[in-house]
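Descriptive structure summary
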Amino acid sequence: MKKMLFVVGLALAMPVAAQAPAPASKDAATVQAGRYALDKDHARIIWAIDHLGLSTYYGSFQKIDAAITLDPKAPAKSSVEVTIDTTSISTNHDELESHLKGDKWFDVAKFPTATFKSTSVTPGADGTATVVGNLTLHGVTKPVTLEVRLHGHGMHPMLKKAAIGFDAKTKFKRSDFGISAYVPMVGDEVSLKFSGEFLKAD
């Protein structure tokens, strides 16, 4: 009984902040302005494509880098840059990954990276935004549109830095970027989803 009372008393004596971190906010107006770098350990790009009209096939890229510049007082001035290592394509199928890295698909020997650079940011309601930018893939650059949603922001409880997380999605035709192998048996339209955390740069 005495041990239980001691534990309860110790818990009550601890500062509230030490017991639990403050919950992340979804209020875009209170985001700290500045430049943020991607936390590569907490980021993922997942792609999806139709397979033979029978299923949706999913894969991902394991190596991504990104940076964003945010200004909650003038969100249209915000920007984002993303770099994808195309050699890091992952499908949990070694033979398929080797095939996708070849010259009929991503041709990673010639084009080891894909990039996205924003050209405009249009804020929406409830922490959403439409981000238009140039996607460079397989040596071809075309405009694409991202639908972005603020997942949450606040002080990272372990790193003690301002942190922010976003979800984003887009669709495009791979044939527009010169990747047209097996269309239409393997779908032309590709869906991309991104989710990631960013940390305020020092």
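Located above this text is the structure these notes cover.
Not measured: the values here are computed from a predicted model. Here the residue numbers are simple positions, counted from 1 along each chain's written sequence. In view of the model being predicted, local features appear only for residues whose pLDDT reaches at least 70, and side-chain atom pairs are presented and counted only at 80 or more, with totals across whole chains, interfaces and linings using the full set of residues. To obtain the side-chain values, all non-hydrogen atoms of the structure were included, while hydrogens and water were left out.

Along the chain, Ser-55 falls in strand E2 (residues 55-61). Ser-55 sits in the partly exposed class, given a relative accessible area of 35%. Discounting residues that sit within four places of it in the chain, Ser-55 has contacts with Ile-49 and Asp-50. Put simply, DSSP H or I for four residues or longer makes a helix, DSSP E for two residues or longer makes a strand, and each gets a number counted from the N terminus. When a residue's accessible area, from a 1.4 Å probe over protein chains only, is under 20% of the maximum for its type it is buried; when over 50% it is exposed; and in between it is partly exposed. Contacts are assigned to residue pairs that have any heavy atoms within 4.5 Å of one another.

Here we take up the pairing of strand E10 (residues 186-200). Strands pair, by our definition, only if DSSP identifies at least two bridges between them. Two strands pair when backbone bridges link them, and strand E1 (residues 34-51) and E10 are joined in this way by 11 bridges, in the antiparallel orientation. Across the sheet, the residue bridging to Arg-44 is Ser-195, located in E10. Of the strand pairs in this sheet, strand E9 (residues 162-173) and E10 are connected by 11 bridges, and their pairing is antiparallel. Considered in E10, the bridge of Asp-167 is made with Ser-195.

The next thing to look at is unusual backbone geometry. Residue Pro-184 is bonded to the preceding Val-183 through a cis peptide linkage, with omega at 5 degrees. The backbone of Leu-52 shows a phi angle near 60 degrees, a positive value even though the residue is not glycine. In this structure, Leu-52 sits in the loop between E1 and E2. For Leu-52, a relative accessible area of 44% puts it in the partly exposed group.

Considering the arrangement of structural elements, one finds Asp-167 in strand E9. You can call Asp-167 buried: its relative accessible area is 16%. Pairs of N or O atoms within 3.5 Å make up the polar contacts considered here, provided that, within protein, one atom can donate a hydrogen while the other can accept it, and that residues adjacent in sequence are counted only when both atoms are side-chain atoms. There is a polar contact of 2.5 Å between the side chain of Asp-167 and the side chain of Arg-149. For Asp-167, the side chain forms a polar contact with the side chain of Ser-195, separated by 2.8 Å. Among all residues touching Asp-167, those that are not within four sequence positions of it are Glu-147, Val-148, Arg-149, His-151, Phe-194 and Ser-195.

A separate point is the nonpolar core. In this text, buried Ala, Val, Leu, Ile, Met, Phe, Trp, Tyr and Cys residues form a nonpolar core when linked through side-chain atoms within 4.5 Å. One finds Phe-106, Ile-164 and Phe-198 to be the most contacted residues of the largest nonpolar core, which totals 44 residues. Of all the elements in the fold, those that place two or more residues in this core are E1, strand E3 (64-70), strand E4 (79-85), strand E6 (113-123), strand E7 (128-137), strand E8 (140-155), E9 and E10. At 6 residues, the largest contribution of residues to this core is made by E1. Setting aside chain neighbours within four positions, we find Phe-198 in contact with Tyr-36, Ala-37, Leu-38, Asp-39, Ala-66, Ala-67, Ile-68, Ala-162, Ala-163, Ile-164 and Phe-166.

Turning to the environment of Tyr-182, a few remarks are in order. By the element assignment, Tyr-182 lies in the loop between E9 and E10. What makes Tyr-182 partly exposed here is its relative accessible area of 37%. The spacing of Tyr-182 and Lys-104 is 78 residues in sequence and 9.5 Å in space, taken between C-alpha atoms. Tyr-182 has contacts with His-99, Lys-104, Trp-105 and Arg-174, leaving out every residue within four places of it along the chain.

For this analysis, a salt bridge means a side-chain nitrogen from Lys or Arg found within 4 Å of a carboxyl oxygen belonging to Asp or Glu. With the rule as written, the count across this model stands at 2 salt bridges. Taking the shortest distance from any N to any O, the salt bridge between Lys-40 and Asp-65 comes out at 3.9 Å. Within this pair, whereas Lys-40 is found in strand E1, its partner Asp-65 is found in strand E3, the two being separated by 25 residues in sequence. On the accessibility criterion, Lys-40 (51% relative accessible area) is exposed.

We now examine the side chain of Ser-90. Summarising the element assignment, Ser-90 is placed in strand E5 (residues 89-90). The class for Ser-90 is buried, based on a relative accessible area of 16%. What Ser-90 contacts, discounting residues up to four positions off in sequence, is Gly-59, Ser-60, Gln-62 and Glu-97.

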